[in-house]
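Single-letter residue listing:
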Amino acid sequence: ASGTRLSTDITQNVTLPITNLQNDYGAPSLGNQATTNTLAIVAYFNAQPIQVISFHRVSLIPSAIFSVMCYLAGNLVYSYGTPDNKVNTGVTLNQVVLVLPSAVQMDTVSVDFFDPNNPQGIINVPLCFIGPLWQPARNLSFDSVEPALDVGVDEMTSRGGTEFPNVRYVRRSYKVDHQSL
C-alpha cells in the first residue's frame, strides 16, 4: 500500500525553524504566547478546502474554552462556538484537535482562547495545523497500539558518576495495523 502525506499550501515561516520540533518545549519566543488569560490567533491563506484545525504543545488546562470562526472572502462559512459563547477545548496531551464534519472552503481562520484558571499565567500555542484530512478506506485492527513517547537522549557521565542527559528529540510513535489490506 502506498503512503499518503498530509499537506497544505501554507508555506513554512522562515522565522520558525524546524528545530522548534526537537522537543516538547518548542521555542516560546517564536510561538503565539499571551501573558493574559486571552489569546486571539488569525490565520490568512489562499482559499482551500479545510477539514482539520489543530493546535499542539499548548499550555492550556482542561477548563480552557475557545471559539473558531472560519471565513471565505469575508463571509462566515463555519463556526465552532462564538466569541461571546465559547466552548470547551477538549485539550488532551497538550493538543487541541478540531475536525470539521466535512471539508469547507475557507481563506481565514480566527481562534479566540480563554483560560482564566491557568496556573502558569500565560497561554502558549507554539504549533498550529490548518489543512486537509485524510482517512484510510479501512479502519484499524485491534492489533494497533496506543501512542508511546520515544526519547532520544545522549548522556555524559562525570568521573564522580553524575549523569548529564542531553535530550535530542521527543517524538510520539504509533503502531498502526491494517490487517485487511
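Here the residue numbering is sequential within each chain, running from 1 through the sequence in written order. Two thresholds apply to this predicted model, a pLDDT of at least 70 for residue-level local features and 80 or more for giving and counting side-chain atom pairs, whereas whole-chain, interface and lining totals are computed over all residues. Computation of side-chain values: all heavy atoms of the structure, hydrogens and water removed.

Quick notes on the pairing of strand S2 (residues 38–56)
Turning to step 1, where the next piece is worked out: In this structure, S2 lies alongside strand S6 (residues 95–114), joined through 15 bridges in antiparallel fashion. Among the inter-strand pairings, Ile50 is bridged to a residue of S6, identified as Val104.
Turning to step 2, where the next piece is worked out: Note on pairing: two strands pair once DSSP finds at least 2 bridges between them. To qualify as a helix, a DSSP run of H or I must reach at least 4 residues; to qualify as a strand, a run of E must reach at least 2; elements of each kind are numbered from the N terminus. In this sheet, strand S8 (residues 127–131) lies alongside S2 in antiparallel orientation, the contact comprising five bridges. Paired with Ile53 across the bridge in S8 is Ile130.

Description of the packing of aromatic side chains
Turning to step 1, where the next piece is worked out: Stacked, tilted and edge-to-face are the three classes assigned to paired rings of Phe, Tyr and Trp, where Trp is represented by its six-membered ring and a pair needs centres within 6.5 Å; plane angles under 30 degrees give stacked, over 60 edge-to-face, the rest tilted. Summed over all chains, the structure comprises three aromatic pairs.
Turning to step 2, where the next piece is worked out: With centroids separated by 5.2 Å and ring planes inclined at 85°, the aromatic side chains of Phe55 and Phe113 adopt a geometry described as edge-to-face. Highlighted residues: Phe55 in strand S2 and Phe113 in strand S6, separated in sequence by 58 residues. In terms of burial, Phe55 and Phe113 fall into one category: buried.
Turning to step 3, where the next piece is worked out: Aromatic pair Phe66 and Phe113: ring centres 5.7 Å apart, planes at 15°, arrangement stacked. Of this pair, Phe66 sits in strand S3 (residues 65–72) while Phe113 sits in strand S6, and the two are 47 residues apart along the sequence.
Turning to step 4, where the next piece is worked out: Accessible area is worked out with a 1.4 Å probe on protein chains only. A residue is then buried under 20% of its type maximum, exposed over 50%, and partly exposed in between. Here Phe66 falls in the buried class, since its relative accessible area comes to 2%.
Turning to step 5, where the next piece is worked out: An aromatic cluster is defined as three or more aromatic residues linked by ring pairs; in this entry it consists of Phe55, Phe66, Tyr80 and Phe113.

With respect to unusual backbone geometry
Turning to step 1, where the next piece is worked out: A positive phi angle, near 50°, is found at Leu93, a position not held by glycine.
Turning to step 2, where the next piece is worked out: Here Leu93 lies in the loop between strand S5 (87–88) and S6.
Turning to step 3, where the next piece is worked out: If you check the backbone angles, Asn94 has positive phi at about 60° while not being a glycine.
Turning to step 4, where the next piece is worked out: Turning to its location among the elements, Asn94 is positioned in the loop between S5 and S6.

Examining the side chain of Ser110
Turning to step 1, where the next piece is worked out: Structurally, Ser110 is set in strand S6.
Turning to step 2, where the next piece is worked out: The residues contacting Ser110, other than those within four sequence positions of it, are Ile41, Val42, Ser67, Val68, Met69 and Tyr71. Only heavy atoms matter for contacts: two residues are in contact if any of them lie within 4.5 Å across the pair.

Side note on the confidence of the model for the protein
Turning to step 1, where the next piece is worked out: Looking at any residue, its pLDDT shows the predictor's confidence there, from 0 to 100. Averaged over every residue, the pLDDT of the protein is 75; the share at 70 or more is 71%.
Turning to step 2, where the next piece is worked out: For the protein, per-element mean pLDDT is lowest for strand S1 (residues 32–34), which scores 63, and highest for strand S4 (residues 75–80), which scores 93.
Turning to step 3, where the next piece is worked out: Scored below 50 in pLDDT, residues 1–14 shows 16 contacts in the model against residues more than four places distant or in partner chains.

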